[in-house]
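In case you want the letters, here they are:
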Amino acid sequence: MTKPTSGTLLGHPKGLFLLFGTEMWERFGYYGMRALLVLYLVATVEDGGFGWTTGEALGLYGTFTMAVYLTPMIGGWLADNFIGQRRAIIYGGILFSAGYFVLGIPKTMIVGMEENVFYIGLFLICCGNGLFKANVSSLVGELYEDGDHRRDAAFTIFYMGINLGAFLSPLIVGYLGEEVNWHYGFIAAGCGMLIGLALQLTLAKSYLGDIGVTPSAHKIKAAQDDLKTRALSKEEKDRTKVILIMSVFSVIFWAGFEQAGGLFNIYASQFTDRNIMGFEVPATWFQSLNAMFIIMLAPVIASVWVKMGSKEPTSPVKFALAMVFLALGFFVMVWATMVQGGDVTIKVSMLFLVFAYLFHTLGELCLSPIGLSLVSKLAPVKFTSLLMGVWFFFTCLLYTSDAAD
């Protein structure tokens with residue numbers, strides 16, 4: 001396998017920063033679309049939306065997000081066994097872009113087929129996400145040898161890339177969609193994904209070498225013919241069990257955290273006083289708070305873990321801290337509803353949402369990058385992308401119950 005020859009930047013392979021940029025633009029598209037989705041559905045037909053009820057919109061949001069977290073397991077399996085991670089990312093980027101552009105088709109061009117076309121767009125986005133999400137995360141781990149102490153820091157840097165895209169997209173995509181035209185917002189999301197796709201197509205060979213080109217199972221077979229079919233060793237089984245257990249516990253956290261694109265979005269739009277000196281802050285802009293806090297706090301949290309040295313909490317303890325911060329965020333929102341006193345005509349201060357997002361972000365930093373790093377370290381080589389997909393799959397289970405309700 002050809003190793004990257006482009007050298008290092010800030011002590012890390014330059015390929016890390018290519019993946020940083022690729023994921024940043026992919027998340028720019030996804031989080032921009034997510035910021036618009038529920039608001040677009042509940043907007044009146046006269047305002048360009050579908051005129052759905054809040055319950056109907058949140059129900060679709062739950063089903064869609066379930067699919068988004070389910071498909072990476074399928075995409076990871078395909079990459080590990082058939083197409084390789086790099087091609088999976090390219091195919092995923094193409095489907096992603098197609099989905100956003102389908103959502104961006106003006107309704108005047110599809111009279112009578114609006115909802116059918118809308119569902120086709122969401123389907124393409126789900127398929128693109130399945131091929132893209134687990135595989136780009138797996139490539140980060142492959143840049144580092146086993147035992148490389150830089151791996152956790154690399155995932156923190158990568159996670160900042162995710163959130164830089166998530167920060168910018170509600171400000172740009174959200175503004176275009178909410179204030180100008182819904183379809184312009186979706187088109188902007190598609191353009192962001194095209195930039196990420198262009199980065200991969202033009203720079204991957206130089207910055208990643210042959211990493212991710214050959215499916216993991218095929219690489220193992222080339223090294224030793226019987227490894228592809230032999231059973232996992234006891235150590236590999238134990239490592240897989242740890243990944244599964246930690247994935248199950250992560251569901252509890254994401255069940256609360258993912259309210260950001262649904263209930264929190266509605267709360268910002270309908271029950272929050274968004275006026276600042278005569279300017280009304282678009283509801284979608286609140287979706288940027290989580291990403292902004294991550295960009296600000298990720299280096300701080302990472303340095304805290306390093307300074308603690310041998311006293312650094314274990315992964316399970318960090319997961320427990322994430323649950324505490326999640327609870328604190330919801331206590332803030334309970335306080336907000338108490339201020340309203342049951343009167344939905346009263347609008348509360350934006351600070352309630354700001355502090356709720358702050359606590360939830362601290363929880364995310366204790367769980368998500370740690371989980372991604374854990375999977376990349378413990379997963380058996382031939383199942384790396386599949387188990388990365390499993391990490392996301394367990395989150396989809398909470399949306400299965402939401403959709404059923």
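Residues numbered from 1 in each chain as written. Predicted model: local features only at pLDDT ≥ 70, side-chain atom pairs only at ≥ 80, totals over all residues. Heavy atoms only, no water.

> Help me out: how do you make sense of the overall build of the protein in this one?
Tallying secondary structure elements over the protein gives 12 helices and 4 strands in all. When the 405 residues of the protein are sorted by exposure, 55% land in the buried category. Of the accessible surface of the protein, which amounts to about 17200 Å², a share of 69% is contributed by carbon and sulfur atoms. (Helix = DSSP H or I, 4+ residues; strand = E, 2+ residues; numbered from the N terminus. Buried < 20%, exposed > 50% of the residue type's maximum accessible area, 1.4 Å probe, protein only. Areas by Shrake-Rupley, 256 points an atom, 1.4 Å probe, with all protein chains shown as cover.)

> In this structure, what is going on with the pattern of salt bridges? I would like to understand it.
Any two side chains of opposite charge can pair, given that their charged atoms come close. Going through the model one piece at a time under the given rule, you end up with 3 salt bridges. A salt bridge links Arg27 to Glu26; its shortest N-O distance comes to 2.6 Å. Across the pair Arg274 and Glu280 runs a salt bridge whose closest N-O atoms are separated by 3.8 Å. (Salt bridge = Lys/Arg side-chain N within 4 Å of Asp/Glu carboxyl O.)

> How should I be thinking about empty space enclosed by the protein in this particular structure?
The probe, sized like a water molecule, is rolled over the atoms to show the empty space still left. For the structure on display, the rule yields 4 cavities of 30 Å³ or more. Along its surface, the second largest cavity is lined by Tyr31, Arg34, Asn163, Ala166, Phe257, Ala260, Gln287, Asn290, Ala291 and Tyr357. Of all elements in the fold, only helix 1 (14–42), helix 4 (151–180) and helix 9 (288–308) reach the threshold of two or more residues within the lining of the second largest cavity. Split into classes, the residues belonging to the lining of the second largest cavity amount to 6 nonpolar, 3 polar and 1 charged. (1 Å grid on protein atoms, 1.4 Å probe; cavity = no way out; pocket = protein on both sides within 12 Å on 5 of 7 lines; lining within 4 Å. Points joined across faces, edges and corners; volume = space filled by probe spheres on them. Nonpolar A, V, L, I, M, F, W, Y, C, P; charged D, E, K, R; others polar.)

> What is the right way to look at the packing of aromatic side chains in this model?
How two aromatic rings sit relative to each other is set out by the distance from centre to centre and by the angle between their planes. Applying the stated rule across the entire model yields 19 aromatic pairs. Between Tyr40 and Phe118, the ring centres sit 6.0 Å apart and the planes meet at 55°, which makes this aromatic pair tilted. Residue Tyr40 is found in helix 1, and its partner Phe118 is found in helix 3 (residues 114–142); the two are separated by 78 residues along the sequence. Here the two residues Tyr40 and Phe118 agree in accessibility, since each one is buried. An angle of 45° between the planes, with centres 6.0 Å apart, marks the rings of Phe279 and Trp285 as tilted. Here Trp285 falls in the partly exposed class, since its relative accessible area comes to 26%. One aromatic cluster in this structure is built from Tyr40, Phe50, Trp52, Phe118, Tyr119, Trp182 and Phe186. Looking at Lys107, its charged tip hangs above the ring of Phe50, at a distance of 4.0 Å from the centre. (Phe/Tyr/Trp six-rings, centres within 6.5 Å; stacked < 30°, edge-to-face > 60°. Lys NZ or Arg CZ within 6 Å of the ring centre and 35° of its normal.)

> It is not clear to me how helix 1 should be interpreted in this structure. Could you clarify?
An α-helical turn contains 3.6 residues, so a residue and the one three or four places further along point in the same direction. Spanning 29 residues, helix 1 covers 44 Å between terminal C-alpha atoms, matching the ideal 42 Å at 1.5 Å per step. Along its length, helix 1 shows its largest kink, about 30°, at Leu36. Counting buried positions along helix 1 yields 25 of 29 residues, so the element is predominantly enclosed. (Expected span 1.5 Å × (residues − 1). Bend = angle between axes of the 7 residues up to and from the residue.)

> When you look at a nonpolar patch on the surface in this model, what are you seeing that I'm missing?
Together, Tyr175, Val180, Tyr184 and Ile187 line one region of the surface with nonpolar side chains, adding up to about 370 Å² of accessible area. Among the secondary structure elements, those contributing two or more residues to the nonpolar patch are helix 4 and helix 5 (182–208). Locating Tyr184 in the fold gives a position in helix 5. (Patch = residues over 30% accessible without salt bridge, like charges linked within 9 Å, V, L, I, M, F, W, Y side chains within 5 Å.)

> Would you take a moment to explain the environment of Thr65 for this structure?
On the secondary structure map, Thr65 appears in helix 2 (residues 54–103). Between the alpha carbons of Thr65 and Arg34 there is a distance of 9.4 Å; along the sequence they are 31 residues apart.

> Would you mind going over the side chain of Arg34 with me for this structure?
Looking at the secondary structure, you find Arg34 in helix 1. The contacts of Arg34, once residues within four sequence positions are left out, are Tyr61, Glu258, Ala260, Gly261, Asn265 and Gln287. (Contact = heavy atoms within 4.5 Å.)

> What exactly am I supposed to notice about unusual backbone geometry here?
Excluding glycine, residues mostly carry a negative phi; peptide bonds, for their part, are mostly trans. Although it is not a glycine, Met277 adopts a positive phi angle of roughly 50°. With respect to the helices and strands, the residue Met277 is situated in the loop between strand 3 (275–276) and strand 4 (279–280).

> What is the right way to look at the side chain of His360 in this model?
With respect to the helices and strands, His360 occurs in helix 11 (residues 350–378). The exposure class of His360 is buried, given its relative accessible area of 3%. Within the structure, the side chain of His360 is placed 3.2 Å from the backbone oxygen of Leu326, a separation counted as a polar contact. Not counting residues up to four positions away in its chain, the partners in contact with His360 are Phe253, Gly256, Phe257, Phe264, Phe325, Leu326, Gly329 and Phe330. (Polar contact = N/O pair within 3.5 Å; in protein donor to acceptor, adjacent residues only side chain to side chain.)

> Would you mind showing me how to read the packing of helix 1 against helix 5 here?
Geometrically, a packed helix pair is captured by the angle between its two axes and the distance between the axes. Running from N to C, helix 1 and helix 5 cross one another at 165°; their axes reach a closest spacing of 9 Å. By the angle between their axes, helix 1 is roughly antiparallel relative to helix 5. Crossing of helix 1 over helix 5 shows left-handed handedness. Counted by class, the contact of helix 1 with helix 5 contains 19 nonpolar, 9 polar and 2 charged residues. (Axes fitted to C-alpha atoms, helices over the stretch in contact; angles between N-to-C directions. Parallel < 35°, antiparallel > 145°, perpendicular 65-115°, else oblique. Left-handed = near helix turned anticlockwise from the far one by under 90°.)

> What am I meant to see in the packing of helix 7 (residues 234–257) against helix 10 (residues 315–340) here?
Running from N to C, helix 7 and helix 10 point in directions that differ by 15°, and their axes come no closer than 10 Å. Here helix 10 runs roughly parallel to helix 7, going by the angle between their axes. At the point where helix 7 passes helix 10, the crossing takes the left-handed sense. Note on element contacts: helix 10 touches helix 7 through Ser315, Pro316, Phe319, Ala322, Met323, Leu326 and Phe330, opposite Met246, Phe249, Ile252, Phe253, Gly256 and Phe257.

Structural measurements only, silent on function.
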